[in-house]
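Residues per chain, in single letters:
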Amino acid sequence: MHKVLTKTAMAVSMAVSLPSFAQDTISDTQDTVENISVTGSRIMRTSAQMTTPTTVIDAQTIKVSGVKNIGELLHQMPALVDGIGSTNINDNDDNDLGKAGLQLANLRGLGQMRTLVLVDGRRHVPGAAGEASVDLSMIPVELVERVEIITGGASAIYGADAVTGVVNFIMRKNYDGLALDASVGRSSRSDADNRDVSLSFGQNFADNRANLTFHLNYSKQDEVPMTARDYANQRPSFLANPENTGPDDGIPNTVFTPDIRFQALSEEGVFYVPNDNWVLAGTPFDIINNPLPPTFADDPFGLGYDTFIIDRDSGQFRDFIPGKNCAVVPCDGGDGFRTAETNTLRQPTERYLANISGNYDVTDNLSLFSNLKYGKVESAASGQASVFHDDNFGPLIAIRSDNPFRPQELVDVMTARNLDVVALAVVGLNSRNVNKRETLQFTFGGEGFWRDYGYNFYVQHGKVESSSTSQDVLNERYYEALDATTDAQGNPVCRSGNSACVPFNPINNQASQAAIDYVAVTLRQEDEIKQTLASFSLNGDLFELPAGMVAFAAGLEYRKESSSSIPDPLAQAVDADGVGSGLVGSRTGPSREENSYLNPVKGSFDVKEIFGEAIVPLLEDTPVSERVELELAARLANHSETGSDVTYKSALNWTFNDMFRLRGTYSKAVRAPNIQELFAPNSIAGARVTDPCHNTELDNGRDPQNRRANCQALGIDENFVSEASFGTRQVVTRGNLALKPEEADTLTLGLVVTPTQDLNMAIDFWDIEITDAITSFDASDVLANCVDGAGLNEEFCSLIKRDGEGQINNISVQNINASKFAARGTDLDISYRYALGDGELGLTFKGTYLDKREFRQNPNDPEDISSLAGRWDFPRVRAQVNTVYSTGSLTLAWGVNYVGESTFNKTAQPEEYPDWFDNKVPSYFKHNLHLGYGLTENINLYLDINNLTDKQPAFLPNINSGGTLYDGLGRYYTAGINVRM
């Protein structure tokens, strides 16, 4: 019987192909696949025998969701948190505009690098240089038959990186027909346009022993700047309450500020003009070149200057209007700079996909398959400028009395006050990255039978080439062009006399294009990723026990990955003393010592693996069980850089009867360090750090007694004066070839209840603990961790180089194995089908309760623990409900995404917030509607409305612009047509 099932499986899982357009054929195919091939195992079995908690997104769910990029659908699943999508590139931890255009999955919110993405059970070439994360936008939505998401370590089955689980895309097979799908989308605010068209064609031939299928897709979505949504463009915050007198005084510690702005500068420009009370009047100093340059508008320290601004709406010169509730720089409202207004709410993206698949039954016992995929994505994102002029992060601009760009009102003020120079604080040219990625991947393999055993083999090679261009400024040209005067004819010229220089007008964004072209430079970074795979496996029956046959799978795999990332030469520039040259704005620090630079990152590794898996039947048809099976799996991997490691899995499947089944798994998984973490070269920059052994720092830290003793053990006297307290120290960033794999222990326990054929319920508990997690500490934390424990911590002390007198030479902030993650929760999955009238009603519920989510960057520090479960970005409850009613010609679907109430700040103190705010983020419902109508047998029209009620995110810090949890775009319409022949 097992051989029959296996042959049936081969018939329906030959290669990545295209969808069948006969609905009955698709349904039959899906049922067959689900009865024999499951994610999380290489042994053929029925879906009812799955031991690992699995969430399935079927073809109908994908269809009625209306998504044209499968990543956008996965971000809405309760099991995935804090991934990277098209609407949150500015919100991500690294705020890396170079990742614009990527769609990266993050299972359980434990990091994209710990989620393994597969396509038909095979790895896919990564999407970002130096990392292992797969770009989900390279997976065509039209070809996805279903998505299976399993929780828990699966390294014993699939190898490294399957730490928190696996996302496996099962693609449609053996398509015979033609299909065209075209759609357009637009938001209710008449922006965010989207166009998508796909063409699929496939045909069987050679007496149906062969199939060749083609798929083409083009999609384009327009950019939405943050300024397009008022609620997203503002920056709500809680600032210190000036009326607060201390703890337990009944007065809130903070006040709510709905529109925080930085009072030091603005997009249009803030002018600092000395008045009669200027403290340095009568000295040779001007307002810029003096010991007390102005740093904040409205003169909060009484230095004696007035501030003026160019009005954004009218363009007129007027007095600066200060905000309220100011904490010196940040204020509520007023004329200051909104940091969000230069950001991107939704990235523009243009994507091309092409897919060719073929399979051929050479004999009844051998079938060959192949797949060729090409994808190209171009995207962009904007962020804050690389240069600021506010004397906090960059020099003020001198506006002299002969500057031709002065507004007349400023000329009058300077003349009346007899001033030769005033200061201008303004935002420089905004940063913008344009990213282009091309993916090419080829797969060839086969499967068949040899005697009583099935076999499978394949080879695969993938390559990604990408370029990222970013706008920056050439510092030398920029400051030359800012210093403008006039020639004899009154024309603006550069004071330097350089005829090639074009004077730059920094006031009110009025710089000419010629001036921008002169000072701006496009930096270009080139990345390349390569991945080569080879695999061979056997599966079948070993021997028979009283309860049934022992089934097995075993095999060998080889994987090689290489990656290179080459920054622009201007970003690589470094002076002879090891300090960055600071040729461009993005590499320039507040002082020369704090300039930075980038080095190329190149590296490669290979992995050789052997694995085995067995299912042992323990009981069958007994009074306490219908069937009990034990599942065992192990994998031995030899990594060229980190050495050998063993992963394993054990699972029990206890079927009581047709209605009840218990399942449980325990596994050990690993994540090997990626190329960036291993091979990043040395990069040196100056930074201001806190030396814990400085005489005034000895009584600080978590245990001053330990700190004093350990500093003394380093040979440093208690009266030591550290030079770090009066300047910068060198900080070295580098990769670490001594890194070892992260380890994860995962446990799952579940109950599956199937009262009827149409009703299925599963509840699963999961627990994941990751140790030796790869992390890096900032320089001050490295210094403190060296001396704040019971004894000297050599792991951190070895990263610090001091001279003979104890002064710090440099600190390394390389990655080390130090951190710990823990997550625990429960999933509930319910599906129900019911015949209603002339059609069928389908209901699905997928929900997650997050009980625990902890992060310890330094497990040796008992106070270093972040308990995140229930915080706004890791809500305890998330759910997705879908209701679909379909007849022969009509499909009506209603979906709800739910995010439960959460805590805004889990470390808030009593009286932290105003009385009206209870430190809670309210629950969030987003409703989606799908309507499909069959105009004829071959033509279907559809309308999707995403966020039907136009639900906005809570107006709170870090939440109001949306992201993957909350929708920041608003109500969105998509209309399309699908033609099948």
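Calculation criteria
Residues numbered from 1 in each chain as written. Predicted model: local features only at pLDDT ≥ 70, side-chain atom pairs only at ≥ 80, totals over all residues. Heavy atoms only, no water. Helix = DSSP H or I, 4+ residues; strand = E, 2+ residues; numbered from the N terminus. Rg over C-alpha atoms; globule rule 2.2 N^0.38 Å. Buried < 20%, exposed > 50% of the residue type's maximum accessible area, 1.4 Å probe, protein only. Areas by Shrake-Rupley, 256 points an atom, 1.4 Å probe, with all protein chains shown as cover. UniProt positions renumbered as here; feature names shortened; annotations may be inferred. Pairing = 2+ DSSP bridges. Axes fitted to C-alpha atoms, helices over the stretch in contact; angles between N-to-C directions. Contact = heavy atoms within 4.5 Å. Disulfide = S-S within 2.5 Å. Polar contact = N/O pair within 3.5 Å; in protein donor to acceptor, adjacent residues only side chain to side chain. Patch = residues over 30% accessible without salt bridge, like charges linked within 9 Å, V, L, I, M, F, W, Y side chains within 5 Å. Salt bridge = Lys/Arg side-chain N within 4 Å of Asp/Glu carboxyl O. Core = buried A, V, L, I, M, F, W, Y, C linked by side-chain atoms within 4.5 Å. Phe/Tyr/Trp six-rings, centres within 6.5 Å; stacked < 30°, edge-to-face > 60°.

This part is about the overall build of the protein. Within the protein, the regular secondary structure consists of 14 helices and 48 strands. Computed over the C-alpha atoms, the radius of gyration of the protein is 31 Å, within 12% of the 30 Å expected from 2.2 N^0.38 for a compact globule of 981 residues. With respect to the three principal axes, the spread of C-alpha positions in the protein is 100 × 70 × 60 Å. Across the 981 residues of the protein, 56% fall into the buried class. About 40500 Å² of surface is accessible on the protein, with carbon and sulfur atoms providing 52% of the total.

It is worth spelling out the UniProt feature "domain: TonB-dependent receptor-like beta-barrel" (unreviewed entry) in the protein at this point. Taken from the UniProt record, the annotation "domain: TonB-dependent receptor-like beta-barrel" (unreviewed entry) applies to residues 475-948. Strand forms 52% of residues 475-948 and helix 10%; the C-alpha atoms that close the span are 49 Å apart.

Spatially, β1-β4-β5-β2-β3 is the arrangement adopted by the five strands of the open sheet, whose pairing is mixed. Of all the strands in the sheet, just β1 (54-58) and β3 (122-123) have a single pairing partner and so form its edges.

Further remarks concern the sheet that holds strand β37 (residues 800-802). With mixed pairing, the four strands of this open sheet are ordered in space as β33-β34-β38-β37. Two strands bound the open sheet, and with one partner strand each, they are β33 (683-687) and β37. Geometrically, the sheet is characterised by an average inter-axis angle of 25° between neighbouring strands, direction not taken into account. Where β33 meets strand β34 (residues 729-733), five bridges bridge the pair, whose relative direction is antiparallel. Counterpart to Ser683 in the pairing with β34 is Thr733.

Turning next to helix α8 (residues 475-482). Within α8, burial applies to Asn475, Tyr478, Glu480, Ala481 and Leu482. Where α8 is buried, its residues meet β20 (388-389), β21 (397-400), β24 (453-473), β25 (484-486), β26 (492-494) and α9 (513-519).

Throughout this description, disulfide means a covalent bond between two cysteine sulfur atoms. Scanning the model with the defined rule gives four disulfides in all. The disulfide that involves Cys693 links it to Cys711, with 2.1 Å between the sulfurs. Of note, the bridge from Cys693 to Cys711 carries an S-S torsion of about -85° and is left-handed in sense. Taken together, the residues Cys693 in the loop between β33 and α12 (704-713) and Cys711 in helix α12 connect sequence positions 18 residues apart. Ordinal numbering of bonded cysteines along the protein defines a disulfide pattern of 1-2, 3-4, 5-6, 7-8.

With respect to the helices, strands and loops of the structure, Asp691 is situated in the loop between β33 and α12. A distance of 2.9 Å separates the side chain of Asp691 from the side chain of Ser722, its partner in a polar contact. Separated by 3.0 Å, the side chains of Asp691 and Arg802 make a polar contact. Excluding residues within four positions of it along the chain, Asp691 makes contact with Glu697, Phe720, Ser722, Ala724, Leu783, Arg802 and Ile808.

Mapping Ser667 onto the fold places it in strand β32 (residues 660-671). For the pair Ser667 and Ser650, spaced 17 residues apart in sequence, the C-alpha separation works out to 6.2 Å. Engagement of the side chain of Ser667 in a polar contact is seen with the side chain of Thr746, the distance being 2.5 Å.

Moving on, we get to a nonpolar patch on the surface. Taken together, the side chains of Phe201, Phe205, Leu212, Phe214, Ile356, Leu372, Tyr374, Leu440, Phe442, Phe444 and Val459 define a hydrophobic patch exposed on the protein surface, amounting to about 910 Å² of accessible area. Those elements giving two or more residues to the nonpolar patch turn out to be β7 (194-205), β8 (210-221), β19 (366-383) and β23 (431-450). When residues of the nonpolar patch are assigned to their parent elements, the largest contribution, three residues, is made by β23. Note that Phe442 resides in strand β23. A relative accessible area of 42% places Phe442 in the partly exposed class.

This paragraph deals with unusual backbone geometry. Both trends apply: most residues other than glycine have a negative phi, and most peptide bonds are in trans. Phi is positive for Asp207, which is not a glycine, with a value near 55°. Mapped onto the elements, Asp207 comes out in the loop between β7 and β8. On the basis of relative accessibility, which here comes to 76%, the residue Asp207 falls in the exposed class. For Asn325, which is not a glycine, the phi torsion comes out positive at approximately 50°. Position of Asn325 among the secondary structure elements: in the loop between β15 (317-319) and β16 (330-332).

Next up on the list: the nonpolar core. Judged by nonpolar contacts, the single largest core of 30 residues is most densely connected at Phe271, Val273, Leu410 and Phe504. For this core, the elements supplying multiple residues, two or more each, are β13 (270-274), β14 (305-310), β21, α7 (408-417), β22 (421-427), α8 and α9. The element contributing the most residues to this core is α9, with four residues. Listed in part, the 24 residues of the second largest apolar core include Ile70, Ala79, Leu136 and Val167.

Turning our eyes to something else, we now look at the packing of aromatic side chains. Taken as a whole and assessed by the stated rule, the structure comprises 26 aromatic pairs. Plain terms: the ring middles of Tyr478 and Phe504 are 5.6 Å apart, the flat faces sit at 80° to each other, and that makes the pair edge-to-face. Placement of Tyr478 in helix α8 and of Phe504 in the loop between β26 and α9 is noted, with a sequence separation of 26 residues between them. A relative accessible area of 5% places Phe504 in the buried class.

Tracing the sequence through the fold places Ile939 in strand β47 (residues 939-946). When the C-alpha atoms of Ile939 and Asp181 are compared, they prove to be 9.9 Å apart, with 758 residues separating the residues in sequence. When near neighbours in sequence (up to four residues on either side) are disregarded, Ile939 contacts Tyr933, Gly934, Ile977, Asn978 and Val979.

This part takes up the pairing of strand β38 (residues 808-812). Across three bridges, β34 lies against β38 in parallel orientation. Following the sheet pairing, Gln730 is matched in β38 by Asn810. Pairing of β37 with β38, which is carried by three bridges, proceeds in the antiparallel orientation. By the bridge assignment, Ile800 is partnered in β38 with Ile811. Linkage of β37 to β38, two consecutive antiparallel strands, is achieved through a turn of five residues, within which Gly806 is found at a positive phi near 90°.

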